[in-house]
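# Analysis of the macromolecular model
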Amino acid sequence: DIPIIYVITPTYYRYVQKAELTRISQTLMLVPNAHWVVIEDSEERTKLVSNLISDSGLKTTHLVAKTPPFEKLKAKDPRWKRHRGVEQRNKALSWLRDNLQLGKDKGFVYFMDDDNAYNVKLFSEIMKIKKVGVWPVGLVGGFNVETPVLDPGTGKVNGYKSGWKPNRPFAIDMAGFAINLDLILENAKANFSYKMEKGFQESQFLSYFTTKENLEPLADNCTKVYVWHTRTEKPVVKSEVSGYEV
Ligand code: UDP
Ligand code: MN
């Protein structure tokens, strides 16, 4: 059996949601072994997302997990003020642990935010992972690219180029790593948390599974960029034409 790449996508309603999810779903249509786990930040599953994921023809799981109001980013808050996606990613991790079996189900887990841009080559790289794989992420943290830095002698990760706190235990964006499903199932306590210092979610999560020295550098020894931390501009909509779901 070919291992499955479980792709975890938190998503929330705003004008660009359908456009974002269309792009993500059509990227995943090029990945034969993807299983798309979509978690809506809402009370209930919406029609928009239900229809979109069923039209995609992908193997999907559709969950909901609402961010508690006191943790929610306000419209005028800068983005770094709150953790984003915590509730949703944890919900997906519980789903994996409740529905998959260690030893029987084989695969990988990747956090694929709905606003980033992905080269499908990334998914072939993920297939090479033994435990935890890492690679560069374009356009993040004030850098053109954030990347693990390899020791030229050993070829192992010995540091990071990162625009923000490169001395974090793992100065890696959510888009810059994937994990063997076995590790996710073995470490049932590994979760995201609101208690973390902002910007330390990735570091804290990866610490459950591995050490810097054991990271597996992918994408040609971290020389290629296959994912970009793009952000979609918030559109200014001055008038709504009725009868359209945009
Ligand atoms: N997200 C969410 N609820 C929110 C804000 C964000 O579910 O209130 C999702 C969003 O759709 C994305 C992920 O969480 O898939 C990360 O959010 P965002 O891209 O805004 O964060 P950033 O890229 O700035 O870290
Ligand atoms: Mn984003």
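In case you missed it, the structure is sitting above this.
Residues numbered from 1 in each chain as written. Chains lettered and ligands numbered in written order. Predicted model: local features only at pLDDT ≥ 70, side-chain atom pairs only at ≥ 80, totals over all residues. Heavy atoms only, no water.

Below, the discussion takes up the overall build of the chain. When helices and strands are counted, the chain shows seven helices and 12 strands. Projected onto its principal axes, the C-alpha coordinates of the chain cover approximately 60 × 40 × 30 Å. Residue pairs at least 24 apart in sequence account for 73% of intrachain contacts in the chain once pairs closer than 6 positions are excluded. Accessible area for the chain stands at about 12900 Å²; split by element, carbon and sulfur atoms hold 52% of it. Between the centroid of the 35 positive side chains of the chain and the centroid of its 29 negative side chains there is a distance of 3 Å. (Helix = DSSP H or I, 4+ residues; strand = E, 2+ residues; numbered from the N terminus. Contact = heavy atoms within 4.5 Å. Areas by Shrake-Rupley, 256 points an atom, 1.4 Å probe, with all protein chains shown as cover. Lys, Arg positive; Asp, Glu negative; His and termini not counted. Charge placed at Lys NZ, Arg CZ, Asp CG, Glu CD.)

On to the coordination of the manganese ion (ligand 2). Angles at a metal have ideal values that depend on geometry: 109.5 degrees with four tetrahedral donors, 90 or 180 degrees with six octahedral donors. Distances from the manganese ion (ligand 2) to its protein donors, Asp115 (OD) and Asp115 (OD), fall at 2.1 to 2.6 Å. By the secondary structure assignment, Asp115 is in the loop between β4 (107-111) and β5 (117-118). (Donors = N, O, S within 2.8 Å, 3.2 Å for Na, K, Ca; no water.)

Attention shifts here to the pattern of salt bridges. Opposite charge on two side chains allows them to pair when their charged atoms are near. The tally for this structure, following the rule as stated, stands at nine salt bridges. A salt bridge links Arg14 to Asp114; the shortest N-O distance between them is 2.9 Å. Highlighted residues: Arg14 in the loop between β1 (4-11) and α1 (17-28) and Asp114 in the loop between β4 and β5, separated in sequence by 100 residues. Owing to a relative accessible area of 16%, Arg14 belongs among the buried residues under this scheme. (Salt bridge = Lys/Arg side-chain N within 4 Å of Asp/Glu carboxyl O. Buried < 20%, exposed > 50% of the residue type's maximum accessible area, 1.4 Å probe, protein only.)

Below, the discussion takes up the packing of aromatic side chains. Tallied over the entire structure, the rule returns 10 aromatic pairs. Consider the rings of Tyr110 and Tyr118, whose centres lie 6.1 Å apart with planes at 90°: the pair is edge-to-face. Between Phe205 and Phe209, the ring centres sit 5.0 Å apart and the planes meet at 70°, which makes this aromatic pair edge-to-face. Phe205 gets classed as buried once you look at its relative accessible area, which sits at 0%. Three or more aromatic residues joined by ring pairs make a cluster, and in this case those are Phe111, Phe177, Phe192, Phe205, Tyr208 and Phe209. Positioned above the aromatic ring of Tyr12 is the side chain of Arg14, whose terminal nitrogen or guanidinium carbon lies 4.1 Å from the ring centre. Positioned above the aromatic ring of Phe192, the side-chain terminus of Arg89 is 5.9 Å from the ring centre. (Phe/Tyr/Trp six-rings, centres within 6.5 Å; stacked < 30°, edge-to-face > 60°. Lys NZ or Arg CZ within 6 Å of the ring centre and 35° of its normal.)

Quick look at unusual backbone geometry now. The residue Ala219 is not glycine, and still its phi comes out positive at about 55°. Structurally, Ala219 is set in helix α7 (residues 219-222).

Below, the discussion takes up the site of ligand 1. Among the 16 residues in the neighbourhood of ligand 1, the closest are listed as Pro10, Asp41, Lys72, Arg84 and Asp115. Between ligand 1 and Asp115 there is a distance of 2.8 Å, counted from an oxygen atom to a side-chain nitrogen or oxygen. Between ligand 1 and the protein, one listed contact pairs an oxygen atom with a side-chain N or O atom of Arg231 at 2.9 Å. If ligand 1 stood free it would expose 520 Å²; the protein chains cover 92% of that surface. (Near = heavy atom within 4 Å. Polar contact = N/O pair within 3.5 Å; in protein donor to acceptor, adjacent residues only side chain to side chain.)

Taken together, the side chains of Tyr13, Tyr15 and Val237 present a nonpolar region at the surface, about 310 Å² in accessible area. Assignment of secondary structure puts Val237 in the segment after β12 (227-228). (Patch = residues over 30% accessible without salt bridge, like charges linked within 9 Å, V, L, I, M, F, W, Y side chains within 5 Å.)

So, on to the nonpolar core. Counting 36 residues, the largest nonpolar core has Ile8, Leu96, Phe111, Phe177, Ile179 and Phe205 as its most contacted members. The element contributing the most residues to this core is helix α3 (residues 86-99), with five residues. (Core = buried A, V, L, I, M, F, W, Y, C linked by side-chain atoms within 4.5 Å.)

Among the secondary structure elements, His62 is positioned in strand β3 (residues 59-64). There is a polar contact of 2.6 Å between the side chain of His62 and the side chain of Glu40. Not counting residues up to four positions away in its chain, the partners in contact with His62 are Val38, Glu40, Arg45, Thr46, Val49, Ser50 and Ile53.

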